[in-house]
Amino acid sequence: MSAADLKSDVIVVGGGLAGLTAACELVDAGKRVLIIDQEPEASLGGQAFWSLGGLMFVDSPEQRRARVKDSYELAWQDWVGTAAFDRPEDEWPKKWAEAYVNFASGEKRAWLSAMGMKWLPSPGWPERGGSLAGGHGNSVPRFHITWGTGPAVLEPFITKLEAARSDGRVEFAFRHRVDELDITSGVVTGVSGAVLEPSAVGRGEDSSRVEIGSFSAEAEAVLITSGGIGGNFDLVRENWPERLGPPPEHLISGVPKSTDGRMLEISERAGANLIGRDRMWHYTEGIRNWDPIWSDHAIRILPGPSPLWFDATGERMPLPCLPGFDTIGTMTQIGQTGYDYSWFVLNERIIAKEFALSGSEQNPDVTGKDVRETIRQRVLPNVPDPVRAFMNHGPDFVVRKDLRSLVDGMNAIGHGGAEIDFSRLEQQIVERDREIRNPYSKDMQVVAINGARKYLSDRITRVAKPHEILDTKAGPLIAVKLNILTRKTLGGIQTDLEGRALRADGTPLPGLYAAGEVSGFGGGGMHGYRALEGTFLGGCLFSGRTAGRATAAALGTRSAAAAIA
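If you're wondering where the values come from, they're calculated on a predicted model, not measured in any experiment.

1. Quick word on the overall build of the protein chain
Here is step 1 of the chain: On a plain count of helices and strands, the protein chain comes out with 19 helices and 21 strands.
Here is step 2 of the chain: Its C-alpha atoms give the protein chain a radius of gyration of 24 Å, near enough to 24 Å, the size a compact globule of 565 residues would have.
Here is step 3 of the chain: Taken along the three principal axes of its C-alpha coordinates, the protein chain extends 75 × 45 × 45 Å.
Here is step 4 of the chain: The buried share of the protein chain, reckoned over its 565 residues, is 59%.
Here is step 5 of the chain: Within the protein chain, residue pairs in contact and separated by at least 24 positions form 77% of the contacts whose partners lie at least 6 positions apart.
Here is step 6 of the chain: With an accessible surface of roughly 21,300 Å², the protein chain has 51% of that area assigned to carbon and sulfur atoms.

Next comes the structure, spelled out in structure tokens:
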């Protein structure tokens, strides 16, 4: 594609889910769209491809069949209790949050269902909070896993855009890196940057940054959908909030290297206002991928409630630091220990029932839409194949027949000078095991386990029957070293409810729109300080759809491409 060809009605910078969703809306409105991405075509769809496909629905048919009573009021209570909006700049983020919860309670499911998406029959219940009713976390299960995971979420949008590309309504400029937003008389009128050398790397793999030329492109509007900063450890540490303790020395990445945050600085340089730089959502249950795709490739464990959680020195984590309850609370606790990792201790019976791994590639049964495999992997009492592979090959897993040798293995892979004392660890596990012998307990983790088993889906597929960790009939003991895994950026370009990028004085920057993670999924940070699980993909869909429709409406019947022609 020559420089003269890079003209369109709208330029979308970023080929992830938010960008593809926005582009579909623009095409439906009769606009010509140019999608620019620095990665090769193999990575079209961005991070969404690697996702589990989890979506937040409120009062869905799946919830009602599972006897879950949900409502807009309860979801909004959970959202504001989680977000903890407390800054003047939260005005637009809070408006976006309210609009999104309305969307998730209303047309979201029907809209996606009409595209052919389907979901597993029992909603999951991640990030339960462990606080009071008005505090952080999901009060009920509302994590709906898409049948086919992330690729199935992307499929209808890519299919539509491929059809539009074939008849000239959409063009893709892969291996084009935007370096500047072009401004004419105070209006964003295009982008310019470098053409990168062709790359044959596979999806998600690190691609080169060797420049072979330059380009410029012009349009009536530019829509930024380039994602966050999770693949750029320098930016993560630079913006790391003091409330979480010191920035971790060791990080692993839940997103490809291309999630580099470049467009945030570029947009700010052009006049867009950035807010919530210190708001981010990373995970405490990261494990190094034994078969990595990108640099520092990490996988997140989606744990059930039974593993015992210890800090790097072998002290049991305090409330609300229970598996699957409060990510940010646990992150804060880890930061106070002086170390940047922690441990799960469990046995094979627990890992077989309770461990799931994030990502489409770690869930081939659901990704491949294989019903028999899904039943075998998730209902029958077997260790799922991807989890077994980590037990056998994962550098952060220690599997031993007795506790003393387990502790020896833990100390062998610990870092930073932490040392676990066998006697102290044994004491804490024995104390917990005494509590598990009754269906009631003063140990709040035991209470949580018994409570989780009251939800039928959890009892069948996600929560092991209560038993003693040191029960030799429950299989070998397992310790998992848990690292800090980078994932989502919760702040970003401030936008109004039409997705228009705002200046520091609150007025729109003409010609510039933003959606997805680069806009904090809407408004510059609709999640506030922390997020309800199941809202990231949905945030891309909602903000992309909203910004795409608003951009098309703003352009009306005008067509820059037609005028140029």
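2. Quick notes on the packing of helix 3 (residues 72–83) against helix 4 (residues 91–105)
Here is step 1 of the chain: Interhelical geometry of helix 3 versus helix 4 gives an angle of 145° and a closest axis separation of 10 Å. Read as a crossing pair, helix 3 and helix 4 show a hand that is right-handed. On helix 4, the residues that touch Y72, A75, W76 and W79 of helix 3 are K94, A97, E98, Y100, V101, N102 and S105.

3. A word on the sheet that holds strand 9 (residues 221–224)
Strand-to-strand pairing in sheets goes through backbone hydrogen bonds, with the strands running parallel or antiparallel.
Here is step 1 of the chain: Strands sit in the order 5-2-1-9-21-20 across an open sheet of six strands; the sheet is mixed. Edge positions in the sheet fall to strand 5 (170–174) and strand 20 (500–502), since each of these pairs with one other strand and no more. The sheet shows a mean angle of 30° between the axes of neighbouring strands, direction not considered.
Here is step 2 of the chain: The sheet contact formed by strand 9 and strand 21 (residues 508–514) spans three bridges and is parallel. Note that in strand 21 the partner of L223 across the bridge is Y513.
Here is step 3 of the chain: Strands strand 1 (10–13), strand 9 and strand 21 of the sheet are contacted by helix 18 (residues 536–555), whose axis makes an angle of about 140° with strand 21.

4. Points about the packing of helix 4 against helix 18
Here is step 1 of the chain: As a packed pair, helix 4 and helix 18 sit with axes 11 Å apart at the nearest point and diverge in direction by 105°. Compared by their axis directions, helix 4 and helix 18 come out roughly perpendicular. Between helix 4, through W96, A99, Y100 and F103, and helix 18, the contact on the second element is made entirely by G538, G539, F542, S543, R545 and T546.
Here is step 2 of the chain: By residue class, the composition of the contact of helix 4 with helix 18 is five nonpolar, four polar and one charged.

5. Notes on the nonpolar core
Here is step 1 of the chain: Of all hydrophobic cores here, the largest spans 101 residues; its most connected members are W79, L181, V191 and I224.
Here is step 2 of the chain: Within the second largest apolar cluster, 42 residues are counted, among which are I299, Y341, W343 and I420.

6. Looking at the side chain of H415
Here is step 1 of the chain: Tracing the backbone through its elements, the reader meets H415 in the loop between helix 14 (403–413) and helix 15 (422–435).
Here is step 2 of the chain: For H415, the side chain forms a polar contact with the side chain of H250, separated by 3.2 Å.
Here is step 3 of the chain: There is a polar contact of 2.8 Å between the side chain of H415 and the side chain of K481.
Here is step 4 of the chain: For H415, the contacting residues outside a window of four places in its chain are H250, Y339, D340, Y341 and K481.

7. As for the sheet that holds strand 6 (residues 176–184)
Here is step 1 of the chain: An order of 6-7-8 is seen for the three strands of this open sheet, with the pairing classed as antiparallel. If you trace the sheet from one side to the other, it starts and ends with strand 6 and strand 8 (211–218), each paired once. Mean inter-strand twist for the sheet, computed between neighbouring axes without regard to direction, equals 20°.
Here is step 2 of the chain: For strand 7 (residues 187–196) and strand 8, the ladder comprises seven bridges, and the chain directions are antiparallel. Bridging from a neighbouring strand, A194 pairs with S214 of strand 8.

8. Concerning the pairing of strand 1
Here is step 1 of the chain: Residues V10 and V12 point to one face of strand 1 and I11 and V13 to the other, with burial holding for every one of them.
Here is step 2 of the chain: Relative to strand 2 (residues 33–37), strand 1 is paired through four bridges, and the arrangement is parallel. Its bridge partner being in strand 2, I11 is matched across the sheet by L34.
Here is step 3 of the chain: In the classification by handedness, the crossover that spans strand 1, the intervening helix 1 (residues 17–28) and the parallel strand 2 is right-handed.
Here is step 4 of the chain: Pairing of strand 1 with strand 9, which is carried by four bridges, proceeds in the parallel orientation. Across the sheet, V13 pairs through a bridge with I224, a residue of strand 9.

9. Quick look at helix 9 (residues 327–337)
Here is step 1 of the chain: The element helix 9 is largely enclosed, with a buried count of eight among its 11 residues.
Here is step 2 of the chain: Tucked inside the fold, the buried residues of helix 9 contact strand 12 (280–288), strand 13 (298–302), strand 14 (308–311), strand 15 (341–347) and strand 18 (477–489).
Here is step 3 of the chain: Between the side-chain oxygen at the start of helix 9 and the backbone nitrogen of I328 there is a gap of 3.4 Å, and the oxygen is on D326.
Here is step 4 of the chain: Positioned one or two residues after helix 9, G338 has a phi angle of 90°, which is positive.

10. Quick word on the pattern of salt bridges
Should their charged atoms come close, side chains of opposite charge can pair.
Here is step 1 of the chain: In the structure shown here, the tally under the stated rule is 43 salt bridges.
Here is step 2 of the chain: Linking R177 and D179 is a salt bridge whose minimum nitrogen-to-oxygen distance equals 2.9 Å. The same class applies to R177 and to D179, which are both buried.
Here is step 3 of the chain: With a shortest N-O distance of 3.5 Å, E498 and R500 are connected by a salt bridge.
Here is step 4 of the chain: The class of E498 is partly exposed, set by a relative accessible area of 41%.
Here is step 5 of the chain: The exposure class of R500 is partly exposed, given its relative accessible area of 30%.
Here is step 6 of the chain: Several salt bridges converge on common partners, so that one network encompasses R87, E89, R243 and D278.

Reading guide: rules and limits
- Each chain carries its own residue numbering, running from 1 in the written order of its sequence.
- For a predicted model such as this one, the threshold for reporting local features is a pLDDT of at least 70, and the threshold for listing and counting side-chain atom pairs is 80 or more; totals across whole chains, interfaces and linings nevertheless cover every residue.
- Values reported for side chains reflect all heavy atoms of the structure, with hydrogen atoms and water molecules removed beforehand.
- Starting at the N terminus, helices and strands are each numbered in turn, a helix being any DSSP run of H or I of at least four residues and a strand any DSSP run of E of at least two.
- What the globule rule says is 2.2 Å times the number of residues to the power 0.38, and the radius of gyration is computed from C-alpha atoms.
- Throughout, exposure labels follow a simple rule: accessible area from a 1.4 Å probe, protein chains only, divided by the maximum for the residue type, with under 20% read as buried, over 50% as exposed, and the rest as partly exposed.
- Contacts are residue-level and defined by heavy atoms, with any inter-residue pair within 4.5 Å sufficient.
- Using a 1.4 Å probe, accessible areas were evaluated by the Shrake-Rupley method; residue-level cover was limited to the displayed protein chains.
- Think of each axis as a best-fit line through the C-alpha atoms, taken over the contacting stretch in the case of a helix, with angles from 0 to 180 degrees between the N-to-C directions.
- The hand of a helix crossing depends on one turn: near helix anticlockwise from the far one by less than a right angle means left-handed, and clockwise means right-handed.
- By the convention used here, strands pair only if DSSP detects at least 2 bridges between them.
- Just so you know how the angles are binned, under 35 degrees is roughly parallel, over 145 roughly antiparallel, 65 to 115 roughly perpendicular, and the rest oblique.
- Charged residues are taken to be Asp, Glu, Lys and Arg, nonpolar residues to be Ala, Val, Leu, Ile, Met, Phe, Trp, Tyr, Cys and Pro, and polar residues to be all remaining types, Gly included.
- What we call a nonpolar core is a set of buried Ala, Val, Leu, Ile, Met, Phe, Trp, Tyr and Cys residues that are connected through their side-chain atoms within 4.5 Å.
- Two N or O atoms count as a polar contact when they lie within 3.5 Å, although within protein this holds only if one can serve as hydrogen donor and the other as acceptor, and sequence-adjacent residues are included solely when both atoms are side-chain atoms.
- Here is how to tell: hold the view so the strands point away, follow the path from the first strand over the helix to the second, and if it runs clockwise the crossover is right-handed.
- We define a salt bridge as a side-chain nitrogen of Lys or Arg found within 4 Å of a carboxyl oxygen belonging to Asp or Glu.

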